[in-house]
Every structure is written in structure tokens, then in C-alpha cells.
Amino acid sequence: MQINRESTLDSNLIRSTIVAIVVLATAPMPLLADEPWQADPEVVARFSSRRDSFNYEESKVPTYRLPNALQQADGSQVGDAATWKEDRRPELLELFRSNVYGRRPNIDATIRYVETGRIDGVFDGKADGIAMETVIEIADRTYSFPFIVFIPKDAEQPVPAVIHINNREFSPLEEAAQENDPFWPARTIVERGYATASFHTSDVDPDRKDGYAEGVRSFYANGKLPADEDWRSLSAWGWAASRILDHLSGIDTIDADRVAVVGHSRGGKTALWAAAEDPRFAIAYSNNSGCGGAALSRRAYGETVERITNAFPHWFCKTFSTYSDREDELPVDQHELIGLIAPRAVYVTSADKDLWADPRGEYAALVASAPVFELLGQASITEPTMPALDSPRVMGKTGYHIRTGEHNLTAQDWNWFLDFADQIVK
Ligand code: GTR
């Protein structure tokens, strides 16, 4: 993969024009006959018969117009980086808080990190493995959640790091040090020259609709039920990633300016929101994140706002559910979530059998975020047609691949992630 920086005036002009067309055109975008990737009709038929109340046909995507990330609420156009940073970005962040992910509490807490276990010289002596507990104290109350870190040994300079949001099985340190789990291949990550940490979502905020009382949100609210616009689980998990970044920032063999956050599916939604809320993350990786992640809500392809807010009411603030069946009235869409991360790096993935997550909607959101990258002086993917299967596309600060196979985070995804990270932070 090559970072391809377009530098001539002409190519910039062409790029801006394409971006303008992509952003302003009403959809569905016509599919070109020679699109390198299109959903396999057999897969479309399978999904349609399994869940017949959801749409998997490109021709049935409703006509929509995306909100313009660079237009402020008062109608004025953002024309320079300073206005973006000082006015529009905070405005957009607030819109996402109040309409999608909720607002984090503004309450003072003391946070300590306690080492609970340690194995020196794991991975044939290449790293140290450490089990940690994050202890949060408010007055005389405490809440804690564990995480694991692997730090390469004997690096000549501070190393970049990858924080992984684990929404599956969380192995204790002893196991994580033994097996290279494809979902979090700590050994591979270390061998590629990165430190890595992982925590489990439910240890921070239980991933159940009735788990509120046991999680960190309830701890912060001292048991009081959340208001409509208060943070929900995705935001709590993203907050936890930031608390781990705080810890890594205090380790002198880790370079805190070069830390990526990676998540799959609900974890991929979380990774994007984590990096929007916390500008210290250098890269956000959204793997197969779908609805409420990288996929455009307005396409209503596969999972919809109505379905996700019914099935997982604890993920999004209450307001998001009011946009069921009226996605086109949302004041934001997910390309603007990616825009909030610019000029830092964003890598989005899809899988060709993961139509529930809307691969084309994930790619389209990435492309539609391009005006923000451009305003901030960064190249990003602007090509309207998706790349072919298993052919990562990287342009400047954004990357994308669609992998053959199911909804999953695999060793292959990680290899491409680390290739991208090598270009961005090494
Ligand atoms: C599904 C949900 C998706 C996705 C997925 C996952 O049930 O509909 O939005 O988040 O779970 O996290 O694996």
C-alpha cells in the first residue's frame, strides 16, 4: 500500500468536484456495471429470506441527502481549519452527543491503576505482559475494571500502541500470553513493533439492556437513572479506552502520541466514538461496525435505527430511537462522525457476507467525510466506487478494505490494520 498524496492543483480540483458530487448527490448512487464490488445476489437472497423486514436491495435504498459536515447550524459554510476547530467541530460533537451516543458526566473522580499480575518475557522474551485494574473513586465509592497490556522489550525508542475494545471473550493474562487469538493477536501486534492493551466492554458497562445498575454509568450517577441525553454503553466503553490511554501515557517506553483504537462491530462503533470524543487517538479502526458505526443511517440498508435501538436500548441515548423510520431527519449522519476524527487517521472495513452492516454504506460514509479531511489539508479516499474484495485502499489519512467472508475480526484484518498503522505512525 502506498500513501498517495495528490499535489497538483488540477487533481485537487478534480478531487473536490468528485467529493462535492458524492456529498450533495441524492442517493441511491447508480451502481456502475463494472463496480469492482457488488453484493453477491445469492447472499442478498439469503439475507432477505432470513430477515425479510429489512432491505438488502441496492435499488430499494431510499433517496437521501446527507447533511453537510461543513455547514454550521446557522447556515454558514466553514471555509477554514480554525473555524472547523473552534466552532463547527464542537457543534457537531454536541449534535452526536445529544442525538446518538449521549453526553458523558462532568464529575470529578480519582482514577488509579493497580498492577494485579505480571509475566516478564512473554512471546519468546519479546514483551512483558501486565494485568491491570483501573480503580475509579468518587468520595468513598469505588468502581473498577481490568485490562491487559503487552509492552515490547528492548525497543530503542518509545513504541506506538494499539488499544483493543474486546466485546467477545476476555482471556486472563496467562492465556493471552499463550495463544495468539485472531480477535486480539497480541503476539502479532508486539512482533510488528507495537504495545497493545485490551479490556472487555461488559467489565465497564454490562452489555445487556438490564445491566445499568452494575456498570460505570450508574456508578458515576450514584444509582440515578440516566436522562435521555446521558451517555450510554457505547460511550462508556469509549471512555474506558481513553482511561487506558491515560495509563499508557505514563509509560515511558510507549509513545502516547501514536496510539490507535480498534474495535469490531459494536466495538467498531465504539472505536469511532472514542476517537471523536478523545482527540489524542491517532487512528480509529472501525471493523464491520455497521449501523450506528461507519454505515450511513440514511441508507436504511440492513440494520436500521429502529431495530438497533429496540434490540440494544442501552447502546444509544434515548433521542436516537426517535429517528426510527425518519433517518432523513437526523441532524447528523455517520460520515460526520468520521469527519470528527479528521485530520487524524480512520480505517473502515467491511466483509462481503456482512450485509447486515451495509458494506456500501460504510464505504460511502468514509468517502463522504472527505471534505473535512480536505479542509484540514489531508488527503483521504474520494473514489466513489468501492475497491475489489481483499484489496485494501489507502489514501492519505483514510483506509478501507472489504474482506471475503463473514462478520468477524480476523488475522487478515489485523495484518492490513498494521500495514496502515505502519504508514501513519511509524
Ligand atoms: C448485532 C447488532 C450489530 C452489531 C453486532 C455485534 O446483533 O445488530 O449492530 O453490533 O451485533 O456487535 O456483533
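Residues numbered from 1 in each chain as written. Predicted model: local features only at pLDDT ≥ 70, side-chain atom pairs only at ≥ 80, totals over all residues. Heavy atoms only, no water.

Draft legend 1. Inspection of the overall build of the chain at higher detail. Within the chain one finds 16 helices and 10 strands. In terms of principal-axis extent, the alpha carbons of the chain reach across some 55 × 50 × 50 Å. Counting over 426 residues, the chain shows a buried share of 56%. The long-range share in the chain, meaning contacts at least 24 apart out of those at least 6 apart in sequence, stands at 71%. Surface exposure of the chain reaches about 17000 Å², of which carbon and sulfur atoms provide 49%. Charge-centre separation for the chain: the mean point of 43 positive side chains lies 2 Å from the mean point of 64 negative side chains. (Helix = DSSP H or I, 4+ residues; strand = E, 2+ residues; numbered from the N terminus. Buried < 20%, exposed > 50% of the residue type's maximum accessible area, 1.4 Å probe, protein only. Contact = heavy atoms within 4.5 Å. Areas by Shrake-Rupley, 256 points an atom, 1.4 Å probe, with all protein chains shown as cover. Lys, Arg positive; Asp, Glu negative; His and termini not counted. Charge placed at Lys NZ, Arg CZ, Asp CG, Glu CD.)

Draft legend 2. Main features of the confidence of the model for the chain. Looking at the chain as a whole, the pLDDT averages 93, with 92% of positions reaching at least 70. This stretch, residues 1-26, has a pLDDT under 50; its non-local contacts, to residues over four places away or in other chains, come to 42 contacts. (pLDDT = per-residue confidence, 0-100.)

Draft legend 3. Molecular detail of helix α13 (residues 334-341). Among the 8 residues of α13, 8 are classified as buried, and the element is accordingly described as predominantly covered. When we look at burial in α13, the residues that qualify are Gln-334, His-335, Glu-336, Leu-337, Ile-338, Gly-339, Leu-340 and Ile-341. Buried residues along α13 sit in contact with α3 (81-101), α10 (266-277), β7 (283-287), β8 (345-351), α14 (359-368) and α15 (370-375).

Draft legend 4. Spotlight on the site of the ligand. As a structural note, the neighbourhood of the ligand is formed by Ser-265, Arg-266, Lys-269, Glu-303, Arg-307, Ile-308, Phe-312, Trp-315, Trp-356 and His-407. A distance of 2.6 Å is found between an oxygen atom of the ligand and a side-chain nitrogen or oxygen belonging to Glu-303. The separation between an oxygen atom of the ligand and a polar side-chain atom of His-407 is 3.4 Å. If you list the elements that add at least two residues to the shell around the ligand, you get α10 and α11 (305-311). Tallied by class, the residues present in the shell around the ligand amount to 4 nonpolar, 2 polar and 4 charged. (Near = heavy atom within 4 Å. Polar contact = N/O pair within 3.5 Å; in protein donor to acceptor, adjacent residues only side chain to side chain. Nonpolar A, V, L, I, M, F, W, Y, C, P; charged D, E, K, R; others polar.)

Draft legend 5. Fine view of the nonpolar core. Phe-96, Val-216 and Phe-281 are the most contacted members of the largest nonpolar core, which has 96 residues in total. For this core, the element with the most residues is helix α9 (residues 233-249), which contributes 9 residues. Those residues in contact with Val-216 that lie beyond four places of it in its chain are Ile-136, Tyr-143, Val-204, Asp-205, Trp-231, Ala-236 and Trp-239. Grouped together as the second largest cluster of nonpolar side chains are 32 residues, Ala-131, Val-190, Ile-283 and Phe-417 included. (Core = buried A, V, L, I, M, F, W, Y, C linked by side-chain atoms within 4.5 Å.)

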